[in-house]
Amino acid sequence: LPQGVGFWPAFWMLGTNITSVGWPACGEIDVMENNGGYLTNVQGSLHSGSDETKVYTLPDGSVTNFHIYLLEWTTNTINWFVDGLLYETQTSWSSTIGPYPAPFDRPFFIIMNLAVGGNYLGNPSPATINANSSFPSELQVDYLRIYDQTAPLELSCMRANGSVLLTWPTNIVCHLQMQIDSGVTALSGNWIDLPGLTSPFIAAPTDTCAFYRLASP
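Right, let's walk through the structure included here. Source: prediction; values computed, not measured.

So, how was this worked out
- Residues numbered from 1 in each chain as written.
- Predicted model: local features only at pLDDT ≥ 70, side-chain atom pairs only at ≥ 80, totals over all residues.
- Heavy atoms only, no water.
- Phe/Tyr/Trp six-rings, centres within 6.5 Å; stacked < 30°, edge-to-face > 60°.
- Helix = DSSP H or I, 4+ residues; strand = E, 2+ residues; numbered from the N terminus.
- Lys NZ or Arg CZ within 6 Å of the ring centre and 35° of its normal.
- Buried < 20%, exposed > 50% of the residue type's maximum accessible area, 1.4 Å probe, protein only.
- Contact = heavy atoms within 4.5 Å.
- Pairing = 2+ DSSP bridges.
- Axes fitted to C-alpha atoms, helices over the stretch in contact; angles between N-to-C directions.
- Salt bridge = Lys/Arg side-chain N within 4 Å of Asp/Glu carboxyl O.
- Polar contact = N/O pair within 3.5 Å; in protein donor to acceptor, adjacent residues only side chain to side chain.

Section: the packing of aromatic side chains
- Overall, the coordinates contain seven aromatic pairs when judged by the stated rule.
- Ring geometry for Y56 versus Y87: centroids 4.9 Å apart, planes at 35°, classification tilted. Residue Y56 is found in strand β4 (residues 51–57), and its partner Y87 is found in strand β7 (residues 85–90); the two are separated by 31 residues along the sequence.
- Taken together, the ring pairs connect W73, W93, Y100, F104 and F108 into an aromatic cluster.
- Note that R145 overlies the ring of Y143, its terminal NZ or CZ placed 4.0 Å from the centroid.

Here's what the structure looks like:
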């Protein structure tokens, strides 16, 4: 992020219904924003009628270095991370457009921008900005990745005419492994890959104890 009291870099999201319900009813999620005069602080927030927020202070370094900012957004919990460290969790908020967890239960779009001046910075004057910020400056982004949660990596089994029917999620890259042993030492032994098998799979009975597990990828 750029350095200077006039800079307000942000990575944030707004509800796609903003044109019909307005702000803050549409909801706003601030994945990361920074006051350019504070080089060790970033902030994560929710705005929806109520405001939930927390400032994170980098333990070592500056926002002018590259960092990984992550938002984990589930049905009723939103988590913020910096460089893999969880620093904020929000599980309660209010909205004028519906019951909880509205408005954070509908589509949002992403914005990444670098503003100059504004309320978040305390409305510095143009003279203050020019005296304490260097132009031109830029917000540099190495990558943006969006992940959808998938079903848990679960292996299920049931009896099927004297054999065992194994099933597992088909939308996750994984493969089946097997271990045959007479005791629980199999759990720490060498596993054999069973490549090319697809779910569901019928496992033939064996004379000894057979263990199965999924490995991903």
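Examining the environment of C209
- Mapped onto the secondary structure, C209 falls in strand β14 (residues 209–215).
- Judged by its relative accessible area of 36%, C209 falls in the partly exposed class.
- The spacing of C209 and K54 is 155 residues in sequence and 52 Å in space, taken between C-alpha atoms.
- Each residue touching C209, except ones within four places of it in the same chain, is listed here: Q179, I180 and D181.

Some details on the sheet that holds β7
- Sheet architecture is open: three strands sit in the order β5-β6-β7, paired in antiparallel fashion. The two strands at the open ends of the sheet, each matched to only one other strand, are β5 (69–73) and β7. Neighbouring strand axes in the sheet, compared pairwise and without regard to direction, differ in orientation by 20° on average.
- In terms of strand pairing, β5 meets strand β6 (residues 78–82) through five bridges, oriented antiparallel.

Examining the pattern of salt bridges
- Within this structure, the stated rule accounts for one salt bridge.
- For R106, the salt bridge goes to D105, with nearest N and O atoms at 2.8 Å.
- A residue is classified by how much of its surface remains accessible, and R106, at 30% relative accessible area, is partly exposed.

Some words on the side chain of Q43
- If you trace the backbone, Q43 turns up in strand β3 (residues 41–47).
- A residue is classified by how much of its surface remains accessible, and Q43, at 14% relative accessible area, is buried.
- At 2.8 Å, the side chain of Q43 forms a polar contact with the side chain of Y120.

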